[in-house]
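Listed below, chain by chain, are the residues.
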Amino acid sequence: MRLCYLYTLFLMFFVVDFASAQNARKTENFNTGWKFFLGDDTTAKQAKYDDSRWRKLDLPHDWSIEGKFDDKNPTTQAEGGLPAGKGWYRKNFVIPASSKSKNVFIDFDGVYHNSEVWINGHYLGKRPNGYISFRYDLTPYLKFGARQNVIAVRVDNSDQPNSRWYTGSGIYRNVWLTTTNKTYLPQWSSFITTPQVDQQSATINIRTVLPGSVNRELKLKASILDDKGEVVGATVSAVKDTVIQQGIQLNNPQLWSVNHPYLYKVKLQLIAADQVIDDYTTTTGIRYFSFDADKGFSLNGVPMKILGVCLHHDQGALGTAVNVRAIERQLQILKDMGCNAIRTAHNPPAPELLDLCDKMGFLIMDEAFDMWKKKKSKHDYHEDWGEWHVKDLQDQVLRDRNHPSIFAWSIGNEIREQFDSTGVSIGRELVKIVKQLDSTRPVTSALSDADPKRNFIYQSGALDLVGLNYHQEVYADFQKNYPGQKIIGTENMSALATRGHYDMPSDSIRRWPKDSKTPLKDGNVDFTVSAYDNVSAYWGSTHEETWKIIKEYDFLSGLFVWTGFDYIGEPTPYLWPARSSYFGIVDLAGFPKDVYYMYQSEWTSKPVLHIFPHWNWKPGQLIDVWAYYNNADEVEAFLNGKSIGVKKKNGDDLHVMWRVKYEPGILKAVSRRNGEVVMTTQVVTAGAPYKIQLKADRSKIKADGKDLSYITVSVLDKNNVPVPDVNQLVKFKVTGRGILKAVDNGSQTDLDPFVSNQHRVFNGLGLAIIQSKSVAGEIIIKAAADGLQSARLIIESAR
Ligand code: GAL
């Protein structure tokens, strides 16, 4: 081993100095300067087409989010009732004469959906799957020098309904232009694994597949860079075969984990006659993990629970157009709650989500499909299954397999084939496809039939990990019923809540009835759901019910709460005008619902004391006061200075409760450990709405035309107390070096558009999302509402 390391070092010095990189690949972002037309015009594929009247825009772009909510839209309420249809994108561009001897590729990270692409009038192909990344080779059709090229993309999302949630429409992910030499490392051609890892050393294996046509005089150099960019290991191999296996040993490696997400880079250089003719850098992390039928999950030898949430891909008011800061904010909010894992429900995610999870320390369950051959909605992916599922699954695994965050592949969510014997054959086929490309991670499927004898996907014997959706009632007996199997809760809870809405009393649990066609029995006329964790879908549970079980048994490796954030669409349990989901721990605008603090008290060690509801009720009304707390043995609550009792969690309790006759004033709570005060908090009765307050999550952003500042809009009384039950219209004016990108308030039923300069607050809170321009300077945000003192906030946008 030592010798191998020295040899590696020797080669590293031998090669590094003489190989220069000026001729290697160039990857450019291809998002700017597009033209867009909402509608269909088949002649728009022609090179000479006149698009001068089309709208100018930059990608990523989701045209649905710009539209109006309407239950007559063919997307239906399930997709949030936003419009879909067809659209065209075109872009003119030049390619320098110096690229004549090169290859030029266009890489789409994802287009929803049925995209077709033409370059200079030549048809490049179609890709039905709206979540998959794909590449076309532009080389044979390009013009060089000053001559214009035109790329045309047709997107057809008119085949509705095709989803059970909001998908967005258009080129909603990034587009890249990659220029390489004629001999190059093909896309996704290297697979990096760490077959041997311990605290003292790790072996990094790099397996690269080159096309058969490649010249055998080449060398492939692989270098490992630490997080400071220092080379810490390297090796060079002669390219003798189409498959090149390289191994590099590192001493004292820094391991990747959710608390210490240390990343290395692997730099690959293809070398011909001492010149680097292609290079490609990818991120890697050194970690090992295992699932054990008795002990559950462990990462780097340390047992831990997978504390996950499922996420759909929309970013609330921004729709599905990818924005790195929007995804990062979502992950930060979840990280603060103690969440350490994400399930990409129910499709391949944006690459940026995976990059952020690598960097921020989240485990990922990377999911492929929501259906196989059998449909869930009329025009969903089942129509493309026959022709595309092999290629789509292969491409997903090839694209994503180098991410250290990914710990499992899911071949499907609640697939209908689990109920018949095709579940066996297709299940085996898909697992085989994954394993051929990556045998280092377990493959699971999110099963909704928990009977091992009846479930054909389970019966296929192909799954490494049993993924159960809901059915928490079978968890305790899992080991008996599934002998020797390992389990993860792939989807749990489906509890329902509206942020800031409370129905009394709170101590009985209500399930959404089985007849899914009717709204929640005894539902609220304003289509709200109480935020005391006591309402759930009939197939699920409250948050507390399932977490208590997962917590109790070591063999239960973890869970994925449905869902981390509310998402557009699937507004169970209500009919229109409900248009977004109630399942989130956090609302659509990113404001935590109360149960967020239950998780925080359980999933983190930071001190938590959260009491609710707000303190604006009718005098004499009986109010249930709940507290989530940790790091303490008791909580005492005081109403206007008078103790209303000391409460302690007993047994497996996750909260305490007082039932109090309401009187206005101050409700205070104090948590104590061994008699010492740990935390104090209070809710105060608000007076009449008096003024608006604006608070930025970041008061300094980057002047790159992409970065975002999320501004929380609150309505306060004269004494700066937040008014909890106000729903007033607020008008915004944004000037300077930024724009108002979107507005929201987290309400599940508000049909006013997200792209607007005004919006109501909901239960006292609103959100304005500000985006920088590419020029640095101040951004001034003004907010005004009838009868309220207006507010002004300045944020800085800098280079
Ligand atoms: C599950 C399904 C999810 C979502 C959820 C709502 O059965 O997998 O996609 O529909 O129900 O409770």
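Up top is the structure these notes are about.
Residues numbered from 1 in each chain as written. Predicted model: local features only at pLDDT ≥ 70, side-chain atom pairs only at ≥ 80, totals over all residues. Heavy atoms only, no water.

Counting its regular elements, the protein chain contains nine helices and 46 strands. Its C-alpha atoms give the protein chain principal-axis dimensions of roughly 85 × 65 × 50 Å. Across the 799 residues that make up the protein chain, the buried fraction comes to 61%. Put simply, 71% of the contacts in the protein chain that link residues at least 6 apart link residues at least 24 apart. Each charge class in the protein chain can be summarised by its mean position, and for the 95 positive and 90 negative side chains these summaries are 4 Å apart. (Helix = DSSP H or I, 4+ residues; strand = E, 2+ residues; numbered from the N terminus. Buried < 20%, exposed > 50% of the residue type's maximum accessible area, 1.4 Å probe, protein only. Contact = heavy atoms within 4.5 Å. Lys, Arg positive; Asp, Glu negative; His and termini not counted. Charge placed at Lys NZ, Arg CZ, Asp CG, Glu CD.)

What follows is about the pairing of strand 41 (residues 729-736). Pairing of strand 41 with strand 43 (residues 758-760) involves three bridges; the strand directions are antiparallel. From the neighbouring strand, lysine 731 faces strand 43, where its bridge partner is glutamine 758. Two elements, strand 41 and strand 45 (residues 777-784), share six bridges in a ladder whose sense is antiparallel. Within the sheet, the bridge partner assigned to valine 734 lies in strand 45 and is isoleucine 781. (Pairing = 2+ DSSP bridges.)

All residues adjacent to the ligand are Arg164, His346, Asn413, Glu414, Asn469, Tyr470, Glu491, Ser494, Trp539, Trp562, Glu570 and Phe583. Within the contact set of the ligand, an oxygen atom lies 2.7 Å away from a side-chain nitrogen or oxygen of arginine 164. Between the ligand and the protein, one listed contact pairs an oxygen atom with a side-chain N or O atom of tryptophan 539 at 3.0 Å. When the ligand is considered free in solution it has 310 Å² of accessible area, and contact with the protein chains removes 94% of it. (Near = heavy atom within 4 Å. Polar contact = N/O pair within 3.5 Å; in protein donor to acceptor, adjacent residues only side chain to side chain. Areas by Shrake-Rupley, 256 points an atom, 1.4 Å probe, with all protein chains shown as cover.)

Moving on to helix 3 (residues 351-360). Residues spaced three or four apart along an α-helix point in a common direction, a consequence of the helix completing one turn every 3.6 residues. Counting buried residues in helix 3 gives eight out of 10 residues, a clear majority hidden from the surface. All of the buried residues along helix 3 are Pro351, Glu352, Leu353, Leu354, Leu356, Cys357, Asp358 and Met360. Just downstream of helix 3 lies glycine 361, where phi reads positive at about 85°.

Before going further, it helps to spend a moment on the pattern of salt bridges. One pass over the structure, following the stated rule, counts 40 salt bridges. Note that lysine 72 and aspartate 70 form a salt bridge whose closest N and O atoms lie 3.8 Å from each other. Residue class for lysine 72 comes out exposed when judged on its relative accessible area of 69%. On the basis of relative accessibility, which here comes to 30%, the residue aspartate 70 falls in the partly exposed class. (Salt bridge = Lys/Arg side-chain N within 4 Å of Asp/Glu carboxyl O.)

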